Amino acid sequence: MQTDIPYILAIESSCDDTSAAVMLGDKVLSNVIASQKIHEEYGGVVPELASRAHQQNIIPVVHQALQRAGVAKEQLSAIGFTRGPGLQGSLLVGVSFAKSLALSLGIPLVEVNHLQGHILSHFIDEGQSKPSFPFLAMTISGGHTQILRVNDYFSMEVLGETQDDATGEAFDKTAKLLGLPYPGGPLIDQYAQQGNPHAFPFPIPKVEGLNFSFSGLKTAVLYFIQKQEKDDPNFVPTHMADICASVQYTIIEILMRKLKKAVTETGIRQVAIGGGVCANSGLRKTLQQYAQKYHWEVFLPQFQYCTDNAAMIGIAAYFKYLQKDFADMHVTAQARYSFSD
C-alpha cells in the first residue's frame, strides 16, 4: 500500500560512485554508496572502467538500499535518477536502469540535475535549520565550481564559475605533483592541518567578475617544486605539511574572495555550499569564521551528503514529484547539463 507521502528510489551514477537511496518524502530511509577503488592505480577516474563498475554494482546497491529501508519495490511511488552532468557512460548505466525499473513497476520517472542535487541536499529533513529563498550557493567538487543565486528549488542562476579547472581538480593535480596517491584532496587536507598556511605564498589569480581560475595555481606549484628540488632533492617530503597548508590556504582564499564579492553584490547573507570539496576541514572552518565576521548565515552539509550520493538526488526528485514534473521513457543521459536545460 502507498501512503500519501511518496517512497522514492533515487539512483546516482554520474562519475565513479554507484549510489541508491530510498526516501520517504524529504526523509532518508537508506543511502548506499559503492565506491570504485580501481581508479587509484591510474591516478584518476577512467571513464570506461567506471561505467563497467556501475554495471556490476547497480543491482546489488539498489537491492541493499531497499532492504535497509525496509521497503519493497512495489511500494515505490517513483524512480529518481541523475540525468547529468557527468561521464556519459556512467550516466547511461543509471538512466537505463531507472527507466527499466520504472517501466516494469508502472511508476513515474524523475530526472535530476546532479548539481541541483548537491544544493538541495540542505533540504533533507534531519531536524537541522534550512536555508530560505533566496540564498547563495557554492558548488565545489572535482568537476564543478560555481556560485549561484537560488531563488526556488529549481530556479537557480549561475553568477560565476570556473574558467578552467574545478576546485577538486586543483587539489588532486597538486597532490599528484607532490607524489600523493589519488584521490589527493583529502590527503592535502590531512597534511595541511599540521602545516603553516603562510609558509609558501602562491599567487591569487585576477579573474573577472565572480568567475574562478585554478589552472595557474597548478603551474605555480610545479615551478615552485622544480626550483626547490634543485637545491634540495628531499624538499617535498621534508616540507609536505607546509606545502599542503599553503596550497589549501590559497585555494580557500580564491573561493572566499569570490563568495564575499557575491554577498556584497547581491546583499544575500545566507550561504550554502555543496559538493565533495565541502568535506575539507579548512574550508568549513574558514566559512564559519566568515559567518561570524560578516554576519552571514552559513549552511554546511553533513559529510555523508558532501560527496556524490543518491540521497541528494532523492530530495530533488521529491520536490519534482510534488510538482508532477516527470520524465518520459525517451529521456537520455546528458553529459553536459546546465541549469537552464
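Everything quoted here is computed from the prediction, not taken from an experiment.

(A) Representation of the UniProt feature "binding site: substrate" (unreviewed entry) in the protein chain within the structure. The feature "binding site: substrate" (unreviewed entry), as annotated in UniProt, sits at T139, I140, S141, G142, G143, D172, G185, D189 and N280 in this numbering. Ignoring sequence-local partners within four residues, the contact set of T139 consists of L115, I119, H144, T145, Q146, L148 and G274. For D172, the location among the structural elements is in helix 4 (residues 167-177). Taking the relative accessible area as the measure of exposure, D172 reaches 23% and is therefore partly exposed. Residues within four places of D172 in sequence aside, it is in contact with Y182, P183, G184 and G185.

(B) Representation of the packing of helix 4 against helix 6 (residues 215-231) within the structure. Orientation of helix 4 relative to helix 6, taken along the N-to-C sense of each, is 15 degrees, at an axis distance of 10 Å. When the axis of helix 4 is compared with that of helix 6, the two are roughly parallel. The way helix 4 lies across helix 6 gives a crossing that is right-handed. Residue-level inspection shows K173, T174 and L177 of helix 4 in contact with helix 6, the latter providing K218, V221, L222 and I225. Grouping the amino acids of the contact of helix 4 with helix 6 by side-chain chemistry returns 4 nonpolar, 1 polar and 2 charged.

(C) Unusual backbone geometry, seen in detail. A cis amide bond links G84 with the next residue in sequence, P85, at an omega value of -10 degrees. Of note, P85 is situated in the loop between strand 4 (78-84) and helix 2 (88-105). For the peptide bond that leads from Y182 to P183, omega is -5 degrees, which places it in the cis range. In this fold, P183 is placed in the loop between helix 4 and helix 5 (185-192).

(D) Focus on the packing of aromatic side chains. One pass over the structure, following the stated rule, counts 17 aromatic pairs. Ring plane angle 25 degrees and centroid distance 5.7 Å describe the contact between F123 and F133, whose orientation is recorded as stacked. One end of the pair, F123, is in the loop between helix 3 (114-120) and strand 6 (135-140); the other, F133, is in the loop between helix 3 and strand 6, and 10 residues separate them in sequence. The class of F123 is buried, set by a relative accessible area of 5%. Residue F133 is classed as partly exposed on the basis of its relative accessible area, which comes to 30%. Arranged with centres 6.2 Å apart and planes meeting at 10 degrees, the rings of F212 and F214 form a pair that is stacked.

Definitions and limits used
Residues numbered from 1 in each chain as written. Predicted model: local features only at pLDDT ≥ 70, side-chain atom pairs only at ≥ 80, totals over all residues. Heavy atoms only, no water. UniProt positions renumbered as here; feature names shortened; annotations may be inferred. Contact = heavy atoms within 4.5 Å. Helix = DSSP H or I, 4+ residues; strand = E, 2+ residues; numbered from the N terminus. Buried < 20%, exposed > 50% of the residue type's maximum accessible area, 1.4 Å probe, protein only. Axes fitted to C-alpha atoms, helices over the stretch in contact; angles between N-to-C directions. Parallel < 35°, antiparallel > 145°, perpendicular 65-115°, else oblique. Left-handed = near helix turned anticlockwise from the far one by under 90°. Nonpolar A, V, L, I, M, F, W, Y, C, P; charged D, E, K, R; others polar. Phe/Tyr/Trp six-rings, centres within 6.5 Å; stacked < 30°, edge-to-face > 60°.

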